[in-house]
Amino acid sequence: GTLFLDEIANASSAIQAKLLHLLQEREYRRVGDDRPRPCNVRIIAATNQPLPDLVARDRFRGDLYYRLKVIELELPSLRDRKEDIPLLLDHFFSQKSRQCQRREKHLAADAMLLLMSHSWPGNVRELENTIERLVVLSDNDQVTAAEVRVIAGIGRDHPSELRSLQNMTRDFKRECLIKALALSDGQVSKAAELLQIDRTHLHRLIKEFQLTTQ
């Protein structure tokens, strides 16, 4: 089969040594086992850090790097392939609507432009999480740019856009909190995870808006 190792650059030195042994000897040892077992697996490793630089700074094993580097593929950042964003948006809106059992939503033209202009430092994962939040917290079938700014926090770095939202932000924020608490059955930790904010911050907002929780 195939074993996918994500963020391989974060592997500890002990894990790197064991992985190197696996690749060289094609065997591994289970925890508590007294004998090695043969292994025939294809390894695919991914990282967002430059491994040659880490090797040069002794933060990643050079022998493991060259063992892994048989076929190397470089995937451009999402900001460098903006033409993929509309397709990904359609896919995630459809997928998250089914998973969350919500009506499928669509983007208004201004919302599409806002998402297309975002730099997406978290790449596709950030985009996926953003769409999930919009699916859960928006009541409208067509998501507007204003909702993208308030729910996802995208576009808030433009002061002129912020001033145009000041009159509606407080009520909309309260509505988002109520929805998140309802979806999490009043559990603050789950609601904070859904909103992607710190639990302490959520407690302050709950007190500010005089909401009730479990």
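Scroll up for the structure.
Counting restarts for each chain: residues are numbered from 1 in the order of the written sequence. At least 70 in pLDDT is required for a residue's local features to be given in this predicted model, at least 80 for side-chain atom pairs to be given and counted, and no such filter applies to totals for whole chains, interfaces and linings, which use all residues. In computing side-chain values, all of the structure's heavy atoms are included and hydrogens and water are not.

A. Representation of the overall build of the chain in the model. Every helix listed is a DSSP run of H or I at least four residues long, and every strand listed is a run of E at least two residues long, numbered separately from the N terminus. Each helix and strand counted, the chain has ten helices and six strands in total. Computation of the radius of gyration draws on C-alpha atoms alone. For the globule rule, the value is 2.2 Å times the number of residues to the power 0.38. Relative to the globule expectation of 17 Å for 214 residues, the C-alpha radius of gyration of the chain, 23 Å, shows a markedly less compact shape. In terms of its C-alpha atoms, the chain occupies a principal-axis envelope of roughly 65 × 40 × 35 Å. Partitioning the intrachain contacts of the chain with sequence separation of at least 6 by distance along the chain shows that 63% fall at a separation of at least 24. By element, 48% of the accessible surface of the chain is carried by carbon and sulfur atoms, the whole surface being about 13800 Å². By definition, residues are in contact when any of their heavy atoms lie within 4.5 Å. All accessibility values rest on the Shrake-Rupley procedure with a 1.4 Å probe; residue burial counts only the protein chains present in the view.

B. Molecular detail of the packing of helix H4 (residues 85–99) against helix H6 (residues 123–137). Axis definition: a line fitted to C-alpha atoms, limited for helices to the stretch in contact. Angles are taken between N-to-C directions and run from 0 to 180 degrees. Between H4 and H6, whose axes approach to 9 Å, the crossing angle comes to 45°. Between H4 and H6, the crossing angle belongs to the class labelled oblique. Regarding H4 and H6, the two cross each other, and that crossing is right-handed. In this structure, H4 uses Ile85, Leu88, Leu89, Phe92, Phe93, Gln95, Lys96 and Ser97 to contact H6, whose residues at the interface are Val124, Leu127, Glu128, Ile131, Glu132, Leu134 and Val135. Each residue gets one of three labels, nonpolar for Ala, Val, Leu, Ile, Met, Phe, Trp, Tyr, Cys and Pro, charged for Asp, Glu, Lys and Arg, and polar for the others, Gly among them. Considered class by class, the residues forming the contact of H4 with H6 number ten nonpolar, two polar and three charged. Each angle gets one of four labels, with under 35 degrees taken as roughly parallel, over 145 as roughly antiparallel, 65 to 115 as roughly perpendicular, and the rest as oblique. The handedness criterion is simple: a crossing whose near helix is rotated anticlockwise from the far helix by less than a right angle is left-handed, and one whose near helix is rotated clockwise is right-handed.

C. Spotlight on H4. Expected span of a helix, by definition, is 1.5 Å for each gap between consecutive residues, and there is one gap fewer than residues. Helix length check: H4, at 15 residues, gives a terminal C-alpha distance of 21 Å against a target of 21 Å (1.5 Å per residue), a fit within 8%. Among the residues of H4, those classed as buried are Ile85, Leu88, Leu89, Phe92, Phe93, Ser94, Gln95, Lys96 and Ser97. The elements touched by buried residues of H4 are strand S5 (106–107), helix H5 (109–117), H6 and strand S6 (142–143). Glutamine 101, located one to two residues past H4, shows a positive phi value of around 55°. For every residue, the accessible area obtained with a 1.4 Å probe (protein chains only) is divided by the maximum for its type, and the residue is called buried under 20%, exposed over 50%, and partly exposed between those limits.

D. Broad picture of the nonpolar core. Nonpolar core, defined: a set of buried Ala, Val, Leu, Ile, Met, Phe, Trp, Tyr and Cys residues in which side-chain atoms within 4.5 Å join the residues together. Residues Leu127, Ile131, Val148 and Leu202 are the most contacted members of the largest nonpolar core, which totals 37 residues. Among the elements of the structure, H4, H5, H6, helix H7 (145–152), helix H8 (159–183), helix H9 (188–195) and helix H10 (199–208) are those that each provide at least two residues to this core. The element contributing the most residues to this core is H6, with six residues. In this structure valine 148 touches Ala111, Leu114, Leu115, Leu134, Val143, Gly153 and Ile154, once residues within four positions along its chain are discounted. Formed by 17 residues, the second largest nonpolar core is a distinct cluster that contains Ile8, Ala9, Leu23 and Leu68.

E. Representation of the side chain of arginine 81 in the model. Mapping arginine 81 onto the fold places it in the loop between helix H3 (62–68) and H4. Residue arginine 81 is classed as buried on the basis of its relative accessible area of 14%. In this structure, arginine 81 is in contact with Leu75, Pro76 and Val124, ignoring residues within four places of it in sequence.

F. Quick look at the environment of leucine 113. Within the secondary structure, leucine 113 is located in helix H5. Sequence spacing of leucine 113 and glycine 186 is 73 residues, and the spatial spacing of their C-alpha atoms is 35 Å.

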